[in-house]
Amino acid sequence: MFESLIGAVVVIVLFVLVLRQQGRVSLIERELGALRSLVLSGVHATPPVAKPVEQVASAPADAAQATAPVADIASPTTADAAHAQAPAAEADAATSEAVPELSEAAFTGSAPAATAKAARQSEVETALGTRWAVWVGGVALALGGLFLIRYTIEAGIFGPEVRLSLAALLGLVLIGGGEFIRRTGFKVPVQGAAGAYIPAILTAAGAFILFGTVYAAHAIYGFVGPAFAFAVLGAIGVATIVAALVHGQALAGIGLVGSMATPALVSSQAPNPWALFVYLAIVLAATAVIARIRDWKFLIAAAFFGTGAWTIAYMMSTLVADLAVIRFADLAVVLFIDAVTVAVLAFVCLGSRGGEAEPAKAGFDWPSIMPGVFVAFSALGLSVDTTLVAASGALPGAFVLVALVATALYRPRALPLLHAAGVVSVMIHLGIIPPTTIGSDITQGNIGFDGMPVAAGNPLTLRIGIGLGLVFIGAGFWAARRFAASARVRAACWAAWGIAAPLLILLTLWLAYGNLDRDLVYAEIAALLVVVFAAGGEWIARAEQPPLKGDIAVSFALCGSALAGLLMLHMAFGSGWTTILAGVAAIVPALATRWRSYPVLGWISVGAVVAVLGRVAFDPTIVGAEFLTTTRVFNWLLPGYGVPALAFGFAAWQLARTTPALPTAGNGRPRLAMEAGAALFALLTVAMLVRHAMHGGVIDTGPVTLAEQAIYTLIAIGAGAILVAIDMRSPSSVLRYGSMAAGVLSVAFIVLQHFLVLNPLFTDESTGQIPVFNLLFLAYLLPAIAVGGLALYARDKRPPWYAQMLAVVAALLVFAYATLSVRRVFKGEFIGLWSGLGQLETYTYSALWLVIGVVLLTAGVWLKSQVLRIASAALIAIAVVKVFLFDMSELEGVLRALSFIGLGAVLIGIGLFYQRLLTRAAREANAAT
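As a convention, each chain's residues are numbered from 1 in the sequence order in which they are written. Whole-chain, interface and lining totals are the exception, using all residues; otherwise, since this is a predicted model, local features are given only for residues with pLDDT of at least 70 and side-chain atom pairs are given and counted only at 80 or more. Think of the side-chain values as coming from all heavy atoms in the structure, minus any hydrogens and water.

## Considerations on the overall build of the chain
Link 1 in the chain: Each helix and strand in the chain was counted, giving 34 helices and 2 strands.
Link 2 in the chain: Restricting to contacts in the chain with at least 6 residues of sequence separation, those with at least 24 account for 73%.
Link 3 in the chain: Roughly 45,600 Å² of accessible area belongs to the chain as shown, and the carbon and sulfur atoms make up 71% of that amount. Where helices and strands are cited, they refer to DSSP runs of H or I of at least four residues and of E of at least two residues respectively, numbered from the N terminus. Residue contacts are counted whenever heavy atoms from the two residues lie within 4.5 Å of one another. Using the Shrake-Rupley algorithm and a 1.4 Å probe, accessible areas are obtained, with residue cover drawn only from the displayed protein chains.

Here you go:
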């Protein structure tokens, strides 16, 4: 009863709304007719009212343009009828009584505000009266049919057969009513009501009721068997999709949902997979044809999604025991639906219209993502399901992948198929690598994907991998050349998979079947790929516009050649030779810039630097700790670090000669990177040899000592000086900033390591038994001389702050060396702080600091360095504070007197020196004037 009351209220409301909207539509038609009569009668020629009339007169044209998409929904018969009735409607409207009302509104001053208000009211009324009313009405009709069936069941008025017959009759009546309204010339009369196409709503409601009737006849009453119900439900769904040709895409979506849900609604004790997938193939093909005619991309994407989801669900549901007997049928079914999906995409969805060729620059077809994903993952299932592989081998999955590549090659806009095939090919071959796992338990040695174990490798897998690699190479490079001049991104995608898939397949096959220590067979295959990829890149470049430009596709091909070369080196040689030859390989692309101006060549050389860096980071010993001899200097470290440094330097020199003139060379960035790599490996060569020598042939154990750190600091200072000298002869930003970085790094070493962490005053490390040439000489005096020399050399070649920083550090090193040497004289080999201070030692420090201050002052005046003079003043100030605060309380007798006498004499001497210096400066200034 409650449902009946709701239905009655809805019907009344809809009836009132329809009556109101009919009046509104009539009023709008009369106003449009009045506008036409005003324009034709010449009222718009009056100057005061010309502009308002023109603005209002433009409304019919705008309305006609806005409602133009609606005309596409109606059938040709409807459109013809509408055109035939247009003159009569205009003639009637021209004689209507709405002319005075319209004229008054046009000539009043409040016309714009009234028009805006009327427009807002019209939008609300249009939404309520045309769209919402029709939508709610359609839903109400569909629910009303179902409620009627329910009511008759509960009340027991009719038998089941009569109830179902009446429901079916209601559905047919609604469908017939929609068709009748469409054929009588129905069109959407108001702008914005295209989504409320009444014939389509009635047809959808009727189809919905028919779906429910057939399902009730099968599932509730059992009047029809599963086969009959399946066929009828499918026929209703397909017919609904076909009816969408005249009723719009929404109806097609309803029919598609019903068609895809039919197999789930009808159950059987002995399901027939062939019946299911033949039915899905028919639905997919019919939907594709209709979507192609109307260009409904969302519809075909949904159809592909539904078909693919059923395929994956079927493959997952059959993974149970005791079904090995029907595995061949399962395989055939999957291959059948995959073939239908690919064929529908290639020949229906992406087929050319009227024999026109597909535009070369067109992007990809996004609905093809759905078949690409689902078909590729079905190929993955065919390859990882051990039962299927045992029954038929891994060939079916490979055939499906080849079909995807061929389809993408045949229909260039189906580019997602290429990506899906490439990803799945890589996933399949990654699964054969022991002990790698994909979503499985590694401890049991099983490899799986989503819980399914991957088939173990066998000779057939090896041959399939080789075949797939050849397919990707051939198709990738051919397509890349084909699109190199017209569609560079598409060409780049093909070239990328043309090198990525073969390389990854080769890598996985080598890890699964090859000798990981040294395998010349796989090395020969990698060497062949080097030649093929390089030749393919050149082949693609000749088809570019302009030729030999070296665009993205060519860059991918040449990068693939470089990666294949690295694989070849690793497969054919031991770790030591691999590192050396990888460094030497950086010369090859640099030399190639003599003949080709491809921008990627310089970056390939930079890639060699990165590869060698990764190699030495993984194993700093080059050949392994157990094979590195204890022979100093002449061991694997020298060529392992030195040869790449020389190769990188030569490559930088070659790039400097060939790339600066190129507009696409990236402002010489590859050359700068190669210069940085050469400098870095030169430093690493010396540093690693020093560590090897200092630790008895072992470079990866033991803490750093002060002597070793002093050598590293001297190396960094020397590198900074060398880089400055090279930069003066061949200017380069890398050399400029690299030299300053070396200087800053050496200063950081001195401050942190020499003064704080490794200072023998704090560590009590042995300074050696030799009086002069000891640890203090190596760790403080030599760095002081080196830093001072670098500061003097870089004084006019680097920023002032850089030379001043080095000068201050040099002065501090001299101060530390002198102070620590005095303490060594008093304390011997070990000079730790905890051994205390004597009175004579305390006095000696004061005298020493005053002498150093005077020396720094003299050097500052001679070198005209304000920094040294300031350092002298600071050191003398420290000596003064020490004498007055420390010496006065700690020293006794003659030492206290001598401390103050010496301080006074030095200060007076400094004052006299500055007075003479200022007098000389004043005399020279007067002479100059």
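## Here we look at unusual backbone geometry
Link 1 in the chain: P546 follows Q545 through a cis peptide bond whose omega is 0 degrees.
Link 2 in the chain: One non-glycine residue with positive phi stands out, namely V633, at about 70 degrees.
Link 3 in the chain: With a 1.4 Å probe rolled over the protein chains alone, any residue whose accessible area is under 20% of its type maximum counts as buried; one over 50% counts as exposed, and the rest are partly exposed. Overall, the relative accessible area of 38% leaves V633 in the partly exposed class.

## Some details on the packing of helix 25 (residues 637-658) against helix 26 (residues 669-694)
Link 1 in the chain: What counts as an axis is a line fitted to C-alpha atoms, over the stretch in contact for a helix, and the angles between N-to-C directions run from 0 to 180 degrees. Orientation of helix 25 relative to helix 26, taken along the N-to-C sense of each, is 160 degrees, at an axis distance of 8 Å. In terms of orientation, helix 25 lies roughly antiparallel with respect to helix 26. In the packing of helix 25 onto helix 26, the handedness of the crossing is left-handed.
Link 2 in the chain: The residue classification treats Ala, Val, Leu, Ile, Met, Phe, Trp, Tyr, Cys and Pro as nonpolar and Asp, Glu, Lys and Arg as charged. All others, Gly included, are polar. Broken down by class, the residue content of the contact of helix 25 with helix 26 amounts to 18 nonpolar, 5 polar and 2 charged. When an angle is under 35 degrees it counts as roughly parallel; over 145 it counts as roughly antiparallel; between 65 and 115 it counts as roughly perpendicular; any other value is oblique. Each crossing gets its handedness from the near helix: less than a right angle anticlockwise from the far helix is left-handed, clockwise is right-handed.

## Looking at the pattern of salt bridges
Link 1 in the chain: By definition here, a salt bridge exists when the distance from a side-chain nitrogen of Lys or Arg to a carboxyl oxygen of Asp or Glu is within 4 Å. Tallied over the entire structure, the rule returns 10 salt bridges.
Link 2 in the chain: Note that D365 is salt-bridged to K297, the shortest N-O span being 3.3 Å. Residue D365 is found in the loop between helix 13 (327-349) and helix 14 (369-384), and its partner K297 is found in helix 12 (residues 297-317); the two are separated by 68 residues along the sequence.
Link 3 in the chain: For D365, a relative accessible area of 5% translates into the label buried.
Link 4 in the chain: Under the relative-accessibility criterion, K297 is labelled partly exposed at 30%.

## Description of the side chain of T713
Link 1 in the chain: Among the structural elements, T713 can be located in helix 27 (residues 706-729).
Link 2 in the chain: Residue classification places T713 among the buried positions, given a relative accessible area of 0%.

## Comments concerning the environment of L812
Link 1 in the chain: Topologically, L812 is positioned in helix 31 (residues 800-827).
Link 2 in the chain: The sequence separation of L812 and F755 amounts to 57 residues, and the corresponding C-alpha distance is 9.4 Å.

## A closer look at the confidence of the model for the chain
Link 1 in the chain: Mean pLDDT for the chain: 74, with 67% of residues reaching 70 or above.
Link 2 in the chain: Note on residues 188-196: pLDDT is under 50 here. Beyond four places in sequence and across chains, it has 22 contacts.
Link 3 in the chain: Confidence drops under a pLDDT of 50 for residues 435-457, and excluding neighbours within four residues, the segment shows 47 contacts in the predicted structure. The pLDDT value tells you how sure the predictor is about a given residue, anywhere from 0 up to 100.

## What to know about helix 30 (residues 775-793)
Link 1 in the chain: Here a helix's expected span is defined as the number of its residues, less one, multiplied by 1.5 Å. Under the 1.5 Å per step criterion, the end-to-end length of helix 30 is 26 Å for 19 residues, consistent within 8% with the ideal 27 Å.
Link 2 in the chain: One axis is fitted to the seven residues ending at the residue and one to the seven starting there. The bend at that residue is the angle between these axes. L781 marks the point of greatest bend in helix 30, at about 25 degrees, and the proline P783 comes within the next four residues.
Link 3 in the chain: For helix 30, the set of buried residues is L775, L776, F777, A779, Y780, P783, A784, V787, L790 and A791.
Link 4 in the chain: Buried-residue contacts for helix 30 involve helix 27, helix 28 (733-757), helix 29 (760-763) and helix 31.
Link 5 in the chain: Two to three positions downstream of the cap, the backbone nitrogen of L776 sits 3.0 Å from a side-chain oxygen, assigning the N-cap of helix 30 to N774. Here a polar contact means two N or O atoms within 3.5 Å. Within protein one must be a hydrogen donor candidate and the other an acceptor candidate, and residues neighboring in sequence count only if both atoms are side-chain atoms.

## Overview of the side chain of S746
Link 1 in the chain: Relative to the assigned elements, S746 resides in helix 28.
Link 2 in the chain: At 2.6 Å, the side chain of S746 and the backbone oxygen of G743 are in polar contact.
Link 3 in the chain: Apart from residues no more than four positions distant in its own chain, S746 is found in contact with T713, A716 and I717.

## Let's talk about the nonpolar core
Link 1 in the chain: Nonpolar core, defined: a set of buried Ala, Val, Leu, Ile, Met, Phe, Trp, Tyr and Cys residues in which side-chain atoms within 4.5 Å join the residues together. Counting 109 residues, the largest nonpolar core has I300, L401, L404, W494, F533 and M571 as the members making the most contacts within it.
Link 2 in the chain: It is helix 19 (residues 488-513) that provides the largest number of residues to this core, a total of 12 residues.
Link 3 in the chain: With sequence-adjacent residues up to four places away left out, I300 is seen in contact with L284, A288, A291, C349 and P367.
Link 4 in the chain: In this structure, M740, L790, L820 and L856 belong to the second largest nonpolar core, which totals 45 residues.

## Digging into the packing of aromatic side chains
Link 1 in the chain: Only rings of Phe, Tyr and Trp enter the pairing, Trp through its six-membered ring, and a pair is recorded when the two centres are within 6.5 Å. The plane angle decides the type: under 30 degrees is stacked, over 60 is edge-to-face, the rest tilted. In the structure shown here, the tally under the stated rule is 13 aromatic pairs.
Link 2 in the chain: Ring centres 5.8 Å apart and planes at 15 degrees place the aromatic pair F477 and F533 in the stacked group. Residue F477 is located in helix 18 (residues 459-483), and its partner F533 is located in helix 20 (residues 520-541); the two are separated by 56 residues in the primary sequence. Per residue, the accessibility class of F477 equals that of F533, and both read buried.
Link 3 in the chain: Ring geometry for F650 and W653: centres 5.5 Å apart, planes at 40 degrees, overall tilted. Here F650 pairs with W653, and both are found in helix 25, just 3 residues apart, close to one helical turn.
Link 4 in the chain: Overall, the relative accessible area of 43% leaves W653 in the partly exposed class.
Link 5 in the chain: Positioned over the ring face of F483 is R490, at 5.1 Å from the centre of the ring.
Link 6 in the chain: The ring of Y793 has K797 lying over it, and the distance from NZ or CZ to the ring centre is 4.3 Å. Over a ring means this: the NZ of a Lys or the CZ of an Arg is within 6 Å of the ring centre and within 35 degrees of the ring normal.

## Side note on the environment of L382
Link 1 in the chain: Examined against the element boundaries, L382 turns out to sit in helix 14.
Link 2 in the chain: By relative accessible area, L382 is classed as buried at 2%.
Link 3 in the chain: On a C-alpha basis, the gap between L382 and V400 in space is 9.3 Å, while along the polypeptide they are 18 residues apart.

## Quick notes on the packing of helix 27 against helix 30
Link 1 in the chain: Relative orientation of the contacting elements helix 27 and helix 30 amounts to 15 degrees, with a least axis distance of 9 Å. Overall, the two elements helix 27 and helix 30 adopt an arrangement that is roughly parallel. Between helix 27 and helix 30 the crossing geometry is left-handed. Facing helix 27, whose interface residues are L706, A707, A710, L714, I717, G720, A721, V724 and A725, helix 30 presents L775, L778, A779, Y780, L782, P783, A786, V787, L790 and Y793.
Link 2 in the chain: Across the contact of helix 27 with helix 30, the residue classes break down as 18 nonpolar, 1 polar and no charged.

## Description of the environment of A541
Link 1 in the chain: Among the secondary structure elements, A541 is positioned in helix 20.
Link 2 in the chain: Using a relative accessible area of 0% as the deciding quantity, one classes A541 as buried.
Link 3 in the chain: Expressed as a C-alpha distance, the spacing of A541 and V554, which sit 13 residues apart in the sequence, is 6.1 Å.
Link 4 in the chain: Setting aside chain neighbours within four positions, we find A541 in contact with P547, L548, K549, V554 and Y598.

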